[in-house]
Amino acid sequence: MLHRTQSKTAQHILTYAQQLQGGGVERAMLRMAAGWHAAGRRVTLVLGSSEGPLAAEIPGGIELIELGDGRHQALFRLADEVRRARPDLLFCPGNRYTGVTALARLRLGAAAPPIVGKVSNALVRPELSRGAAWRYRRWLRLHPRFLDHVVAMTPAMATEAMAEMGMPSERVGVIANPPARPIAGAAPVALPAGRYLIGVGRLEPQKRWDRLLAALPRLADKQVKLLLLGEGGARGALDAQIAALGLGDRVVMPGHAGDPLPALKGAAVAVLTSDYEGVPGVLREALSVGTPVVSTESSVAVREIVHAPELGTVIAREDGDALVAALDRWLGPDAVRPAPVMATGDSIADYLALFDRVVDSHRQ
């Protein structure tokens, strides 16, 4: 049997990730782990592999367990690590990790510590086929069986979690991710000469950067450039599209950026063209430095972030004409950049208060 501490608060928090290749889920998890540790909590981080551009952001002072295998299935051993570490609470940092979370809960049985999971991606996926969408809905309906509490990053995402997961309202909370801060020592990003658009995110099919590339030659400004920050498996396809469109002198893809905030601040517009998202951190980061945004309606949270027309424009996912029109508007001579939108509240304290309530309830 797993013997945990008898604390009624979450003095020891364990969280986990596959690797540190630059995803928003992992970056937010590292920010939170740093905050929890700074607040005096013991934090254990289980990683399949610590390799990747985010490795420099692993906070000092936490306990790192590296499994030596960057494949997702390496985390199937999570239950063994939980038995050894004996945490008060497990934190699942995003949707992509709920499968390994469910397996760990099953293997630990009644000895499992309470588990809090964060909703990091959309729970309604219109781009899926009918069969895939049905399977996804069935999977979501199992989540109340292995998650004690769910954290959504906006009220609309919380409503979606209750509807799609069937999670009772008393087991759903709303806490935003910690805001991005300048990262000391991060290598500067070489910025394009002149005006440029910026996209920040993994080069993966979900992000649909092909939409943005297709829009670029149609813009009224034939000189504006595009800076894409990120890395991933779609790079080859994007390189081929750039060559086919003759955009080699207008598109720069330097890879992962340790600190994208300066590049976001210098951009004319920040663009997100995803099929689906959770609560896109890049939109909040762009608005925090006064850069307008253009985004597909890839999540119920997008309009909560872009809540006023002076902040940016939200378009339908498949409307290429609307994307071009929105970019032309924000690149036009009459466009006015928004005032910086600063984050409010203390998400670290809010998370710890929630963790303490969940652990105390679990002990009773």
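Residues numbered from 1 in each chain as written. Predicted model: local features only at pLDDT ≥ 70, side-chain atom pairs only at ≥ 80, totals over all residues. Heavy atoms only, no water.

Chemist: It is not clear to me how the environment of Asp321 should be interpreted in this structure. Could you clarify?
Modeler: Within the element layout of this structure, Asp321 appears in helix α12 (residues 320-331). Taking the C-alpha atoms as reference points, Asp321 and Gly332, separated by eleven residues in sequence, lie 16 Å from one another. (Helix = DSSP H or I, 4+ residues; strand = E, 2+ residues; numbered from the N terminus.)

Chemist: It is not clear to me how helix α6 (residues 155-165) should be interpreted in this structure. Could you clarify?
Modeler: Because an α-helix packs 3.6 residues into every turn, residues spaced three or four apart end up facing the same way. When we look at burial in α6, the residues that qualify are Met157, Ala158, Glu160, Ala161 and Met165. Relative to the axis of α6, the buried residues are bounded by an arc of 160° and lie together on one face. Those residues of α6 hidden inside the fold are in contact with α4 (130-140), α5 (143-146), β6 (149-152), β7 (172-174) and α11 (302-305). Positioned one or two residues after α6, Gly166 has a phi angle of 70°, which is positive. (Buried < 20%, exposed > 50% of the residue type's maximum accessible area, 1.4 Å probe, protein only. Arc of directions from axis to C-beta. Contact = heavy atoms within 4.5 Å.)

Chemist: I'm lost on the sheet that holds strand β9 (residues 225-229) in this one. Help?
Modeler: In sheet architecture, strand pairing relies on hydrogen bonds along the backbone and comes in two forms, parallel and antiparallel. If you trace the six strands from one edge of the open sheet to the other, you get β10-β9-β8-β11-β12-β13, paired in parallel fashion. Here the strands that pair on one side only, and so sit at the sheet edges, are β10 (251-255) and β13 (312-315). Averaged over all adjacent pairs, the angle separating strand axes in this sheet is 20°, with direction ignored. Against the sheet, helix α10 (residues 281-288) engages β8 (196-200), β11 (269-272) and β12 (293-296), with an angle of about 165° to β12. (Pairing = 2+ DSSP bridges. Axes fitted to C-alpha atoms, helices over the stretch in contact; angles between N-to-C directions.)

Chemist: Is there a simple way to explain the side chain of Glu26 in this structure?
Modeler: With respect to the helices, strands and loops of the structure, Glu26 is situated in helix α1 (residues 24-38). Taking relative accessible area as the criterion, Glu26 reaches 7% and is therefore assigned buried. At 2.6 Å, the side chain of Glu26 and the side chain of Tyr97 are in polar contact. The residues touching Glu26, leaving out its near neighbours within four places in the chain, are Ala17, Gln19, Leu20, Leu54, Arg96 and Tyr97. (Polar contact = N/O pair within 3.5 Å; in protein donor to acceptor, adjacent residues only side chain to side chain.)

Chemist: Is there a simple way to explain the nonpolar core in this structure?
Modeler: The tendency in soluble globular proteins is for nonpolar side chains to be buried side by side. Membership of the largest hydrophobic core comes to 117 residues, with the highest contact counts inside it found for Tyr16, Trp36, Leu197, Ile198, Leu327 and Phe355. The residues contacting Tyr16, other than those within four sequence positions of it, are Met29, Leu45, Val46, Leu75, Leu78, Leu90, Phe91, Cys92, Pro93, Tyr97, Val100 and Thr101. (Core = buried A, V, L, I, M, F, W, Y, C linked by side-chain atoms within 4.5 Å.)

Chemist: I would appreciate a short explanation of the pairing of β8 in the present structure.
Modeler: Within a regular strand, the side chains alternate between the two sheet faces. Taking burial as the measure, the five residues of β8 include five buried ones, the bulk of the element. Of the two faces of β8, the one holding Tyr196, Ile198 and Val200 and the one holding Leu197 and Gly199 are both buried throughout. In the classification by handedness, the crossover that spans β8, the intervening helix α7 (residues 209-215) and the parallel β9 is right-handed. Across two bridges, β8 lies against β11 in parallel orientation. (Right-handed = clockwise from strand over helix to strand, strands pointing away.)

Chemist: What should I look at first to understand the packing of aromatic side chains in this one?
Modeler: Pairs of aromatic rings are described using the distance from one ring centre to the other and the angle between the two planes. All told, the structure shown has seven aromatic pairs when counted by the stated rule. Judged by centre distance (5.9 Å) and plane angle (65°), the ring pair of Trp36 and Tyr351 falls under edge-to-face. Within this pair, whereas Trp36 is found in helix α1, its partner Tyr351 is found in helix α13 (residues 347-363), the two being separated by 315 residues in sequence. By the burial criterion, Trp36 is buried, and Tyr351 matches it. Between the aromatic rings of Phe91 and Tyr351, the centroid separation amounts to 5.5 Å while the plane-to-plane angle is 85°, which identifies the pairing as edge-to-face. (Phe/Tyr/Trp six-rings, centres within 6.5 Å; stacked < 30°, edge-to-face > 60°.)

Chemist: What is the right way to look at the packing of helix α2 (residues 78-85) against helix α3 (residues 98-108) in this model?
Modeler: The angle between the axes and the distance between the axes are what describe a pair of packed helices. The contact between α2 and α3 brings their axes to 8 Å, and the two run at 60°. Considering the angle they form, α2 stands oblique to α3. Remark: the crossing between α2 and α3 carries right-handed chirality. Counted together, Leu78, Ala79, Asp80, Val82 and Arg83 of α2 and Val100, Ala104, Arg107 and Leu108 of α3 form the full contact between these two elements. (Parallel < 35°, antiparallel > 145°, perpendicular 65-115°, else oblique. Left-handed = near helix turned anticlockwise from the far one by under 90°.)

Chemist: It is not clear to me how the packing of α1 against α13 should be interpreted in this structure. Could you clarify?
Modeler: One can describe the packing of α1 onto α13 by two numbers: an axis separation of 10 Å at closest approach and a directional angle of 75°. The orientation of α1 with respect to α13, classified from their angle, is roughly perpendicular. Between α1, through Arg31, Met32, Gly35 and Trp36, and α13, the contact on the second element is made entirely by Ile348, Tyr351, Leu352 and Phe355. Each residue belonging to the contact of α1 with α13 can be placed in one class, and the counts come to six nonpolar, one polar and one charged. (Nonpolar A, V, L, I, M, F, W, Y, C, P; charged D, E, K, R; others polar.)

Chemist: Please clarify how the pattern of salt bridges should be interpreted in this entry.
Modeler: Where charged atoms of side chains with opposite charge meet at close range, the side chains can pair. Counted according to the given criterion, the structure contains 22 salt bridges. One salt bridge in this structure joins Arg195 and Asp221, with 2.8 Å as the shortest N-O distance. Here the residue Arg195 occupies a position in the loop between β7 and β8, and Asp221 occupies one in the loop between α7 and β9, the gap between them amounting to 26 residues. For Arg195, a relative accessible area of 39% puts it in the partly exposed group. With its nearest N and O atoms 3.1 Å apart, the salt bridge here joins Arg317 to Asp275. With Arg317 in the loop between β13 and α12 and Asp275 in the loop between β11 and α10, this residue pair connects regions lying 42 residues apart in the sequence. Each member of the pair, Arg317 as well as Asp275, carries the same accessibility label: buried. (Salt bridge = Lys/Arg side-chain N within 4 Å of Asp/Glu carboxyl O.)

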